[in-house]
Amino acid sequence: MPDAVRLLASIFLLWAIIQTAGADETEARRLLVELVLSDDAGKAAILESLSEQGEPVIGEMAAAWRVGRVFRLAGPAGGEPTILVKSEARDYTDLLTGETIVPSGTPEIDRPSRSVKKILRRLVDIIELTSPDTGKRIAAAEKLGMSQNLEYLPELQRRVGRQSDPKVRSAF
């Protein structure tokens with residue numbers, strides 16, 4: 001019987017991990033939509049919150065927005081617009097759901113201001129510091145360190161204490 005209990009506990013743990021991962025991406029997508037829809041004053045706080053998450057969709061969307069691949073599709077009857085990300089293959093993905101869609105209207109490009117573009121560049125640079133993949137965290141820390149840009153030093157110092165892996169801590 002103890003083997004059956006262990007198996008059941010393992011299955012439950014795996015299920016919990018999968019649910020948490022999905023919840024993290026869902027929250028990241030919600031924040032990204034909020035980021036696009038907010039005014040410039042509200043963007044800084046949202047960007048700071050996003051920089052603490054390691055979801056790959058954050059870096060992908062930030063990079064897409066910087067180069068003009070984020071669009072707004074007017075919502076029904078003046079409701080909230082749908083935020084779309086255009087891929088290299090020219091199809092659109094609903095940012096909130098991650099689903100590929102065919103727009104029912106003509107999406108309008110959403111261009112971030114210069115100040116937001118600068119913050120997005122920084123976000124793209126530091127997002128891998130919070131990746132669940134230790135190899136990516138090490139590579140990101142080394143890349144930022146090699147840049148010798150003092151702007152990244154506080155980020156590395158702030159995050160070094162959170163690293164439990166000695167190799168990752170050393171890279172930071």
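Residues numbered from 1 in each chain as written. Predicted model: local features only at pLDDT ≥ 70, side-chain atom pairs only at ≥ 80, totals over all residues. Heavy atoms only, no water.

Remarks on the pairing of strand 2 (residues 82-86)
- Buried residues dominate strand 2, accounting for four of its five residues.
- Examined bridge by bridge, strand 1 (residues 70-73) and strand 2 share four bridges and lie antiparallel to one another. Its bridge partner lying in strand 2, Leu 73 is registered against Thr 82.
- Bridging between strand 2 and strand 3 (residues 92-94) involves three bridges; their strand directions are antiparallel. (Buried < 20%, exposed > 50% of the residue type's maximum accessible area, 1.4 Å probe, protein only. Helix = DSSP H or I, 4+ residues; strand = E, 2+ residues; numbered from the N terminus. Pairing = 2+ DSSP bridges.)

So, helix 6 (residues 153-160)
- For helix 6, the set of buried residues is Glu 155, Leu 156 and Arg 159. Angular distribution of buried residues about the axis of helix 6 spans 95°; they occupy a single face of the element. (Arc of directions from axis to C-beta.)

Focus: the environment of Phe 71
- Relative to the helices and strands, Phe 71 is located in strand 1.
- Along the sequence, Phe 71 and Thr 93 sit 22 residues apart, while their C-alpha atoms lie 10.0 Å from each other.
- In this structure Phe 71 touches Thr 82, Ile 83, Leu 84, Lys 86, Tyr 92, Pro 107, Glu 108, Ile 109 and Asp 110, once residues within four positions along its chain are discounted. (Contact = heavy atoms within 4.5 Å.)

Some words on the sheet that holds strand 5 (residues 108-109)
- The strand order across the open sheet built from five strands is 4-3-2-1-5, with neighbouring strands paired in antiparallel fashion. The open sheet has two free edges, formed respectively by strand 4 (100-101) and strand 5, since each of these has just one partner strand.

Quick notes on the side chain of Thr 130
- In this structure, Thr 130 sits in the loop between helix 4 (114-126) and helix 5 (134-147).
- A polar contact of 2.8 Å, which involves the side chain of Thr 130, links it to the backbone oxygen of Gln 53.
- Other than its neighbours up to four places away in sequence, Thr 130 contacts Ser 51, Glu 52, Gln 53, Gly 54, Arg 137 and Arg 159. (Polar contact = N/O pair within 3.5 Å; in protein donor to acceptor, adjacent residues only side chain to side chain.)

Re the side chain of Lys 43
- With respect to the helices and strands, the residue Lys 43 is situated in helix 2 (residues 40-51).
- One polar contact links the side chain of Lys 43 to the main-chain carbonyl oxygen of Val 36, over a distance of 3.4 Å.
- Not counting residues up to four positions away in its chain, the partners in contact with Lys 43 are Leu 35, Val 36, Ser 38, Trp 65 and Val 116.

A closer look at the pattern of salt bridges
- A full pass over the atoms with the stated rule returns nine salt bridges.
- In this structure, Arg 72 engages Asp 110 in a salt bridge whose closest nitrogen and oxygen atoms are separated by 2.5 Å. Of this pair, Arg 72 sits in strand 1 while Asp 110 sits in the loop between strand 5 and helix 4, placing them 38 residues apart in sequence.
- Classification of Arg 72 as partly exposed rests on a relative accessible area of 29%.
- Its relative accessible area of 9% is what places Asp 110 among the buried residues.
- Where salt bridges share partners, they join Arg 122, Glu 151, Glu 155, Arg 158 and Arg 159 into one cluster. (Salt bridge = Lys/Arg side-chain N within 4 Å of Asp/Glu carboxyl O.)

Coordinates in, geometry out; function isn't part of it.
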